[in-house]
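Results of the structural survey
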Amino acid sequence: MPMVTASNPLARAALPRWPLASLLFLAQLGFSAQAAEELTLAVVPGDTLIGLSQRYLVEPQRWPELKRLNHIKNALQLKPGSSLRIPLAWLRWSERSADIIHVQGLVTGSVAGAASGADGRLATGMQLKAGDRFDTGASGTLTLRLPDGAIVVFPPHTQAGLGLSRQVADTEVRATTIELQNGSADSSVPPLKVPASRFEIRTPRVVTAVRGTRFRVAADGMISRHEVVSGVVAVGAAAGNARLNAAQGLRAEEGRLGAVLPLLPAADVSGVPVRIERTTQPLDVPALAGAQAWRWQVAADAAFTRLLQDERTTSPRWLLTGLPDGDYHLRLRAADAQGLEGQEALMALALRARPEPPILLSPAPGASVAPGAELVWTGQADAPAYQLQVARDARFAELVLDRPGVTGQRLALPADWTPGTYHWRVATLRAPGERRLSGDGPRGPFGDSASFTLLAPSAMAAPALGEGGLTLAWSGPAGFSHRVQLAPDADFSRTEFDQVVPGARLELPTPPPGAYFVRTQVVLSEGRAGSWSSAQRLEVPAQRHPWGLLFLLLLPLL
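Residues numbered from 1 in each chain as written. Predicted model: local features only at pLDDT ≥ 70, side-chain atom pairs only at ≥ 80, totals over all residues. Heavy atoms only, no water.

Section: the overall build of the protein chain
The helix and strand inventory of the protein chain stands at four helices and 44 strands. Every one of the 558 residues in the protein chain was classed for burial, and the buried ones make up 47%. Put simply, 60% of the contacts in the protein chain that link residues at least 6 apart link residues at least 24 apart. In the structure as shown, the protein chain presents an accessible area of about 26500 Å², 53% of it carried by carbon and sulfur atoms. (Helix = DSSP H or I, 4+ residues; strand = E, 2+ residues; numbered from the N terminus. Buried < 20%, exposed > 50% of the residue type's maximum accessible area, 1.4 Å probe, protein only. Contact = heavy atoms within 4.5 Å. Areas by Shrake-Rupley, 256 points an atom, 1.4 Å probe, with all protein chains shown as cover.)

Quick look at the sheet that holds strand 32 (residues 386-391)
Sheet architecture is open: five strands sit in the order 30-36-35-32-33, paired in mixed fashion. Each edge of the open sheet is held by one strand with a lone partner, namely strand 30 (367-369) and strand 33 (399-406). Ignoring strand direction, the axes of neighbouring strands in this sheet form an average angle of 25°. As paired strands, strand 35 (residues 420-428) and strand 36 (residues 450-454) are joined by five bridges and run antiparallel to one another. Note that in strand 36 the partner of Thr421 across the bridge is Thr453. (Pairing = 2+ DSSP bridges. Axes fitted to C-alpha atoms, helices over the stretch in contact; angles between N-to-C directions.)

Notes on the pairing of strand 42 (residues 505-508)
Residues Leu506 and Leu508 point to one face of strand 42 and are all buried, whereas Arg505 and Glu507, pointing to the other face, are not buried. As defined by bridge partners, strand 39 (residues 469-475) adjoins strand 42 across four bridges and the pair is classed as antiparallel. Within the sheet, the bridge partner assigned to Thr471 lies in strand 42 and is Glu507.

A word on the nonpolar core
In terms of nonpolar packing, the biggest core is built from 37 residues, with Phe134, Leu142, Leu144, Phe154 and Phe199 touching the most fellow members. A total of four residues in this core trace back to one element, the largest contributor, which is strand 12 (residues 174-189). Counting residues in hydrophobic clusters, the runner-up holds 24 residues, among them Leu264, Ile276, Leu323 and Ala353. (Core = buried A, V, L, I, M, F, W, Y, C linked by side-chain atoms within 4.5 Å.)

Overview of the layout of surface pockets
Approximately 420 Å³ is the volume attributed to the largest pocket. Along the wall of the largest pocket there are 26 residues; nearest its centre are Gly183, Ser184, Ala218, Arg225 and Arg295. The class makeup of the residues in the lining of the largest pocket is seven nonpolar, seven polar and twelve charged. (1 Å grid on protein atoms, 1.4 Å probe; cavity = no way out; pocket = protein on both sides within 12 Å on 5 of 7 lines; lining within 4 Å. Points joined across faces, edges and corners; volume = space filled by probe spheres on them. Nonpolar A, V, L, I, M, F, W, Y, C, P; charged D, E, K, R; others polar.)

Section: unusual backbone geometry
Pro355 follows Arg354 through a cis peptide bond whose omega is 0°. Relative to the helices and strands, Pro355 resides in the loop between strand 28 (345-351) and strand 29 (360-362). With an omega of 5°, the peptide bond running from Ser362 to Pro363 counts as cis. Within the element layout of this structure, Pro363 appears in the loop between strand 29 and strand 30.

What about the pairing of strand 25 (residues 307-313)?
Regular strands place side chains that alternate from one sheet face to the opposite one. Counting buried positions over the seven residues of strand 25 gives five, a clear majority of the element. Pairing of strand 24 (residues 293-299) with strand 25, which is carried by six bridges, proceeds in the antiparallel orientation. By the bridge assignment for strand 25, Arg295 is matched with Arg312.

Digging into the pattern of salt bridges
Per the counting criterion, the structure on display carries 35 salt bridges. A salt bridge links Arg410 to Glu374, with the shortest nitrogen-to-oxygen separation between them at 2.6 Å. One end of the pair, Arg410, is in strand 34 (residues 410-412); the other, Glu374, is in strand 31 (residues 374-377), with 36 residues separating them in the sequence. Assessed through its relative accessible area of 47%, Arg410 is described here as partly exposed. Since its relative accessible area comes to 35%, Glu374 is described here as partly exposed. Among the salt bridges present, the one from Arg430 reaches Glu434, with a minimum N-O distance of 3.5 Å. When its relative accessible area of 10% is taken as the criterion, Arg430 is described as buried. (Salt bridge = Lys/Arg side-chain N within 4 Å of Asp/Glu carboxyl O.)

Concerning the packing of aromatic side chains
All told, the structure shown has seven aromatic pairs when counted by the stated rule. Seen from their ring centres, Trp377 and Trp424 are 6.4 Å apart, and the 55° between their planes marks the pair as tilted. In this pair, Trp377 is assigned in strand 31 and Trp424 in strand 35, connecting sequence segments 47 residues apart. Residue Trp377 is classed as buried on the basis of its relative accessible area, which comes to 2%. For Trp424, a relative accessible area of 0% corresponds to the buried category. Pairwise contacts between aromatic rings join Trp377, Tyr386 and Trp424 into one cluster. Cation over ring: Arg392 sits above Tyr422, and NZ or CZ is 4.3 Å from the ring centre. The ring of Trp532 is capped by Arg519, whose NZ or CZ atom sits 4.0 Å from the centre of that ring. (Phe/Tyr/Trp six-rings, centres within 6.5 Å; stacked < 30°, edge-to-face > 60°. Lys NZ or Arg CZ within 6 Å of the ring centre and 35° of its normal.)

If you want it as structure tokens, here you go:
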């Protein structure tokens, strides 16, 4: 078999030819201008002109024309090691399909001979042939694997198609063209095995050709943007051409190429958490000089062939949501005033947000509570139990309570805790047998914590009965009112006095003679109250009438 040394995939019958100026420019980049029109074979022993014509030409009977083109004297005796030039238009190409290796969301298309869904849906495992087109819609993504090993990822809002996918029979010479009408394409093209092979992305007015590189092309009507991540890219149009090296890009409009510009540097993602424990998580990065917009992408693999989310924001903040727990990869690019997207920031993310924690109900954040108050939270459907933590610090380093297996949605505070500020949080325990991801423990993440202030308990002082009346005093948290009750029985079923008063002291008229009980409780905001203090007992003695004493003094005189 002869050795292939040069080729071009652009069959003249399929796509427009490159302008002469563009061909000369491609030659400067290593794309031979002669190769743009011809395939060159290295002759090996045993080759004949007729035999090669039968193997490679669409019309083998054109071997005499091939003989004249190459100035061959003897068609039956070719010199091994010599070169044989064959015009591309004469070659026999084999059509090759592209594999759909990933679809996310709704992607529709017109696929000839494929078993797409009744509504035109495309799915992983289908194949595209030359001429097939697709639309990723508002939230879909699609990834193609081409026969030459190239991977092309199409994010949402993209309309594109497979313009050309061919291979010269019995060679590694391949030709691939992606036709990008609107949206964008992110291509990773491995170094082509044969110099004659070509990979191109065509927008309505501009062609981007590569020989093995990572590059991006975006199209919006007659405007296109071309960005190179690695390698070298040739960009050609009717009005000119350009060479793009790594970290360079340009904007084209109506077939006119703009200036080659450096891409913006990668964003700083060091502040983005690597472990995310909320189903909705804001992601923030520092502002970047010259950045006008930001593109956020999440994929299931580090190569980003399984793109799951692709969104553009006008600020360096994005809300990550809508993903199940799992391991993901984040890719972020900043775009400049021309819309050119810059170098990429990459990082791995571990989403561990489930089972979701309950919501804390009571006490309200920052509220003051009395001893014996209850901590209350919402119930989660199918939650077997919860884990409750209470600490003296917001980082939960000084735990005073760590109780897993709480089966209800409330727990009373122990009566012996020291007054002061506390912090609390709750997590949902996993159900027995629930599937766990790497790094998962027996519970889900703790929810947002809240603080509360535990007040000192109220205590009654011994009542003082004097000539001016009854004096009641008590201790308790300062700045709060207290409810005071005075009753003739210990169960306080019938009270002589029951009022809320400010301060910590109260003067009452002396009650009628008899036994009494007195107690108090702190009154908190929103009508809540603390526990009752221990009751104090007092005796009001019967008063002696002064006339009775005078009668006793006069009794001896009678």
